[in-house]
Amino acid sequence: MMVVDYPGVNATVMEQALKQIKVNKTTNSRINEVDFNNLVFGKKYADHMLVADFDGEQWHSAEILPFQHISVSPSNAAWHYGQAIFEGIKAYKDQEGHPMIFRPYDNYARFNISAERMGMPAVPEWLFIGGMAMLIDLDRNWVPTGEGCSLYLRPFMIAADEFIGVRPSDTYKFVIINSPSGAYFNKPIKLLVQDKYIRAFPGGVGYAKAAGNYGGAMYPTMQARKQGYDQILWVDGMEHKYLQECGTMNVFAIIGNKALTPDLNQGTILAGVTRASVMTLLEEMGLTLEERPVSIDEIVAAWKAGTLREVFGTGTASSVAYVEQLDYKDHHIQLDTAKYEVGAEVIRRLDAIRTGKVADDKGWNYRIDK
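All chains use their own residue numbering, which begins from 1 and follows the written sequence. The model is predicted, so local features are restricted to residues of pLDDT at least 70 and side-chain atom pairs to those at 80 or more, both for listing and for counting; the totals for chains, interfaces and linings are taken over all residues. To get the side-chain values, all heavy atoms of the structure are used, and hydrogens and water are removed first.

As a volume, the largest pocket reaches approximately 790 Å³. A cavity, in this analysis, means grid points on a 1 Å lattice covering only the protein atoms where a 1.4 Å probe fits yet has no way out; a pocket is instead an open set bounded by protein on both sides within 12 Å along at least five of seven lines, and a residue lines either one if it has an atom within 4 Å of a point. Lining the largest pocket we find 33 residues, and of these Glu 147, Gly 148, Cys 149, Ile 347 and Asp 351 sit closest to its centre. A helix here means a DSSP run of H or I that spans at least four residues, while a strand means a run of E at least two residues long, and both kinds are numbered starting from the N terminus. In terms of residue count, the dominant contributor to the lining of the largest pocket is helix 9 (residues 342-354) (six residues). Counted by class, the lining of the largest pocket contains 14 nonpolar, 10 polar and nine charged residues. The domain limits used here are those given by an automatic or database domain assignment. Two domains each put at least three residues into the lining of the largest pocket: domain 1 (11-183) and domain 2 (189-339). Grid points are joined across faces, edges and corners, and a volume is the space filled by probe spheres set on the points. Quantified by volume, the second largest pocket comes out at close to 610 Å³. Lining the second largest pocket are 33 residues, and of these Tyr 184, Lys 209, Tyr 214, Gly 247 and Thr 248 sit closest to its centre. At the level of secondary structure, the elements contributing two or more residues to the lining of the second largest pocket comprise strand 8 (150-159), helix 5 (211-215), helix 6 (218-226), strand 11 (231-235), strand 12 (243-246), helix 7 (273-284) and strand 16 (308-315). At four residues, the largest contribution of residues to the lining of the second largest pocket is made by helix 6. Charged residues are taken to be Asp, Glu, Lys and Arg, nonpolar residues to be Ala, Val, Leu, Ile, Met, Phe, Trp, Tyr, Cys and Pro, and polar residues to be all remaining types, Gly included. Here the lining of the second largest pocket is built from residues that sort into 14 nonpolar, 12 polar and seven charged. No fewer than three residues from each of domain 1 (11-183) and domain 2 (189-339) sit in the lining of the second largest pocket.

This is the structure in structure tokens:
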């Protein structure tokens, strides 16, 4: 196996991965059980997964093996104290059929930022990047090619101590699983601006991709869905008016020729990889990008003035999701997503890069050669 066309990759990373990761191939592929013309997000899983263990000093026992259940003790520390982090990454196929992982080094960096915040060990490059490349090479036939489809990669790490005392675990388990998936949202979405419940405060773990961030959002999101909304748009915990992020996405508003998105300075918003990609594309498209505090009052005022053109969310799972309704107190903002020009062009450019339809002059794709 060769890994090519990704600037900055150290060849020794793959050498380390190939040396330290054992491969145990399945003898009974399940690929024929999957209808690739009707993929649902997060329902099916590819033939293999990667597993490794941390013993308090180093990572060991790294292995790619058939997808299977993991045996975990009832006293596992992750169940009780929430030391669990994850990432979401996508792989596509280029025009020649080569799998390409989109911006994995950005996710790798963010994963270890999350690990540090949660008191967990860093995962080495050979295990995260090299192991992922080996895994995708083995499961390359699981990478779908349909419009809006991808192979969704879920690296995660959990505490592994069998101990119910309140302290950081000494041991950990790292896993990568793969899921051939369709669109997360298959239609424009409706958002409720939530100003009662709060997702994150400065000094907390809002910037980390920690499992608890999503667990804490479940109840408010359930209540919003009962009212007909798809997601919550969170606001800050101090003044309850500055936009943060959605449950699965960062958020952008197009007002006139400006693209606004909340800044990351308070440490309450996830530094989205798709967010960063979209920011680059928006500037290339000639829009004025403003990364700063954005209040819901500003959005409402722009809507009333007729200058609010578009609102959309961005994330690995959701890619770019159009917002057709945004409700805040007694303000009911309706947007005609059929007229979204900026969002449509962002999607076109992003898809073209991720699938190799245009040259990747940004070094975003990690191509896995045959």
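Take the side chain of Ser 114 next. Along the polypeptide, Ser 114 turns up in helix 3 (residues 104-117). In this scheme, a residue with accessible area under 20% of its type's maximum is buried, one over 50% is exposed, and one in between is partly exposed, where area comes from a 1.4 Å probe on protein chains only. A relative accessible area of 1% places Ser 114 in the buried class. Setting aside chain neighbours within four positions, we find Ser 114 in contact with Ile 85, Ala 208 and Lys 209. The contact definition used throughout considers only heavy atoms, calling two residues in contact when any of these lie within 4.5 Å.

Time to look at the environment of Asp 263. Positionally, Asp 263 belongs in the loop between strand 14 (258-261) and helix 7. On the basis of relative accessibility, which here comes to 12%, the residue Asp 263 falls in the buried class. Each C-alpha atom of the pair Asp 263 and Glu 345 lies 23 Å from the other, and the pair is 82 residues apart in sequence.

At a minimum axis separation of 11 Å, helix 3 and helix 4 (residues 125-138) run at an interaxial angle of 145°. Judged by the twist between their axes, the crossing of helix 3 over helix 4 is right-handed. Only Glu 125, Phe 128, Ile 129 and Met 132 of helix 4 make contact with helix 3, whose side of the interface consists of Pro 104, Tyr 105, Asn 107, Tyr 108 and Phe 111. Broken down by class, the residue content of the contact of helix 3 with helix 4 amounts to seven nonpolar, one polar and one charged. For helices, the fitted axis covers only the stretch in contact; all axes are lines through C-alpha atoms, and the angles between them, taken along N-to-C directions, range from 0 to 180 degrees. Two helices that cross are described as forming a left-handed crossing if the nearer one is turned anticlockwise from the farther one by less than a right angle, and a right-handed crossing if clockwise.

This part is about the UniProt feature "modified residue: N6-(pyridoxal phosphate)lysine" (unreviewed entry) in the protein. UniProt positions are given in the numbering used here, feature names are shortened, and annotations may be inferred rather than shown by experiment. Taken from the UniProt record, the annotation "modified residue: N6-(pyridoxal phosphate)lysine" (unreviewed entry) applies to Lys 209. You can see Lys 209 is positioned in the loop between strand 10 (189-194) and helix 5. Given a relative accessible area of 10%, Lys 209 falls into the buried group. With near-sequence residues (within four places) excluded, Lys 209 lies in contact with Ile 85, Phe 86, Glu 87, Gly 88, Arg 110, Ser 114, Tyr 214 and Leu 270.

This next bit is on the nonpolar core. Only buried Ala, Val, Leu, Ile, Met, Phe, Trp, Tyr and Cys residues count toward a nonpolar core, and they belong to the same one when joined by side-chain atoms within 4.5 Å. In terms of nonpolar packing, the biggest core is built from 50 residues, with Trp 59, Ile 101, Leu 127, Phe 128, Met 157 and Phe 174 touching the most fellow members. Among the elements that make up this core, the one with the highest residue count is helix 4 (nine residues). When sequence neighbours within four positions are dropped, the list of residues in contact with Phe 174 reads Leu 50, Val 51, Ala 52, Trp 59, Phe 111, Val 123, Leu 127, Phe 128, Pro 155, Phe 156 and Met 157. Judged by nonpolar contacts, the second largest core, of 46 residues, contains Ile 189, Leu 326, Leu 350 and Ile 353.

With that settled, the discussion passes to the pairing of strand 7 (residues 99-102). With burial as the criterion, each face of strand 7 is covered, one bearing Pro 99 and Ile 101 and the other bearing Met 100 and Phe 102. At least two DSSP bridges between two strands are required for those strands to pair. Summarising the sheet, strand 6 (residues 89-93) and strand 7 pair through three bridges and their orientation is antiparallel. Its bridge partner being in strand 7, Ala 91 is matched across the sheet by Ile 101. A loop of five residues connects strand 6 with strand 7, the two strands running antiparallel in sequence, and Gly 97 in this loop sits at a positive phi of about 90°.

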